[in-house]
Structures are given as structure tokens and as C-alpha cells.
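Each chain, letter by letter, is given below.
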Amino acid sequence: KRTAMRLPARFAALLLAASVPLMSHAAGEAGGKADAAEGMPWKASYTASLKDAESAKKPLLLDFYTGWCPHCTRMDKSTWKDAALIELATKNFVVAKINADVEKAPVSRYRLTGYPTVIVAEPGGDQVLRMEGYKDAAAITAALKAYLGSADQLATAFAALRVDKKDAGALM
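Please read all numbers here as calculations on a predicted model, not as lab measurements.

J.: Honestly, the confidence of the model for the protein chain in this entry has me stumped. Any pointers?
T.: Predicted coordinates in areas of low pLDDT are best not read in detail. Mean pLDDT over the protein chain stands at 79; residues scoring 70 or higher make up 66%. Long-range and interchain partners of residues 1-7, a stretch whose pLDDT sits below 50, account for 2 contacts in this model, where long-range means more than four residues apart. Scored below 50 in pLDDT, residues 9-37 makes 54 contacts in the model with residues more than four places away or belonging to other chains.

J.: Mind showing me how you'd approach the sheet that holds strand 2 (residues 94-99) here?
T.: A sheet is described by the order of its strands in space; here 4 strands give the open sequence 2-1-3-4, paired in mixed fashion. Taken across any chain shown, the strands that pair with only one partner, and hence form the sheet edges, are strand 2 and strand 4 (127-132). Recorded for the sheet is a direction-independent mean angle of 20° between the axes of neighbouring strands. Pairing of strand 1 (residues 60-65) with strand 2, which is carried by 6 bridges, proceeds in the parallel orientation. When the bridges of strand 2 are listed, Phe 64 appears paired with Ile 98. On top of the sheet, helix 3 (residues 46-56) reaches strand 1 and strand 2; it is set at about 165° to strand 2, its chief contact.

J.: Which parts of the structure should I look at to understand the pairing of strand 1?
T.: When you tally the buried positions in strand 1, you get 5 out of 6 residues, the bulk of the element. Sheet topology note: the strand 1/strand 3 (residues 117-121) ladder contains 5 bridges and is antiparallel. Paired with Leu 60 across the strands is Ala 121, a residue of strand 3.

J.: Would you take a moment to explain the packing of aromatic side chains for this structure?
T.: Two descriptors summarise a pair of aromatic rings, namely the distance from one centre to the other and the angle between the planes of the rings. All told, the structure shown has 5 aromatic pairs when counted by the stated rule. Ring geometry for Trp 42 against Trp 80: centres 4.9 Å apart, planes inclined by 85°, an arrangement best described as edge-to-face. Taken as a pair, Trp 42 in the loop between helix 2 (26-29) and helix 3 and Trp 80 in the loop between helix 4 (70-77) and helix 5 (83-92) lie far apart in primary sequence, 38 residues in all. For Trp 42, a relative accessible area of 22% translates into the label partly exposed. Where Phe 93 meets Tyr 147, the ring centres are 6.0 Å apart and the plane angle is 35°; that geometry is what we call tilted. Pair noted here: Phe 93 is in the loop between helix 5 and strand 2 and Tyr 147 is in helix 7 (residues 137-163), with a separation of 54 residues, a long-range link. Site record: aromatic cluster; members linked through ring pairs are Tyr 46, Phe 64 and Tyr 110. Across from the ring centre of Tyr 134, 3.8 Å away, lies the NZ or CZ of Arg 74, which sits over that ring.

What counts and what doesn't
Residues numbered from 1 in each chain as written. Predicted model: local features only at pLDDT ≥ 70, side-chain atom pairs only at ≥ 80, totals over all residues. Heavy atoms only, no water. pLDDT = per-residue confidence, 0-100. Contact = heavy atoms within 4.5 Å. Pairing = 2+ DSSP bridges. Helix = DSSP H or I, 4+ residues; strand = E, 2+ residues; numbered from the N terminus. Axes fitted to C-alpha atoms, helices over the stretch in contact; angles between N-to-C directions. Buried < 20%, exposed > 50% of the residue type's maximum accessible area, 1.4 Å probe, protein only. Phe/Tyr/Trp six-rings, centres within 6.5 Å; stacked < 30°, edge-to-face > 60°. Lys NZ or Arg CZ within 6 Å of the ring centre and 35° of its normal.

What follows is the structure, given as C-alpha cells:
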């Protein structure tokens, strides 16, 4: 007889991100666009972003790209111009756009093999979410919201455990 297993919240967020659509529909991209001159306020250095994330106690949102990648350029022109995504990301994450042809250490750390690759990492740099290939703003927004929701659930569980270390319900 099989028994149901509860998945850790972060793993559930990873599953949700993997299930979001890979390609956007033109109609879905029309809403929520920022002015073309605006965009994500990216940091360009992985090391500096990691330090900022640790000091701010915020997760990292890392966009790995190359100069020769057409899907990276497409995301720059559409996905990363979405006003709602920009607001969500800048409020909750340290955002960095990393040139994979230049910064080799994070490419090796995250074992990147294709671009674009978007990674969400804890303030110390540990990867918790990975999205490969072109993603529209709706897909990335959904994945980030799922991640943030799972982080809220974990914070609540840890708070309950600090109050009562024997509270097994906090672990469910």
C-alpha cells in the first residue's frame, strides 16, 4: 500500500516552475509592459550581487546570458520589460544579469550548459530554482511567486519551531 509523501515547500516550488509554459503567446505578453526605456535594474557582477544578497538577507534572481544568444535578447526585449515582474523582482530579490562568457565561476558553480538560464538562489548563493530557455514574464512571475510563497511557509514553520521545538505540525 502506498502512502502519500509530503514534499518540502522549496521542492514544490521547483516542480511548479518546471510546469510553467516554455513559450509565451503574443496575446499574453501584451499586458503589464513597462515603458521600453525602462527595465530591470540589473547588477552586473555575480560576486557583488552575492555580497548584496547576504547583507540584505534577500534571495538572488540571476539571469545568465551570452552575447550570441537570440533567446537572451528576446527576453531582454520582452520578459525583463514587464512592469509587474520588475516590481516583484526588485522588491523581493537582488537582481543580477551575468554574462556567462565573462564570469566563469558562477557558470561552473551552477553547471550551466545553455542560455538563457534564470536561477533563484538563497542569499549565500545556493540554488533553489532553475529555469532554462526562453520564458515569458508570466512564467517567471508565477515561478517567483511560488518560490516566495514557499519561503513564507518555511518562515512560518521555523517560527513555530522556535516557540515549541516539539511542534511536529510545523514540519508538515
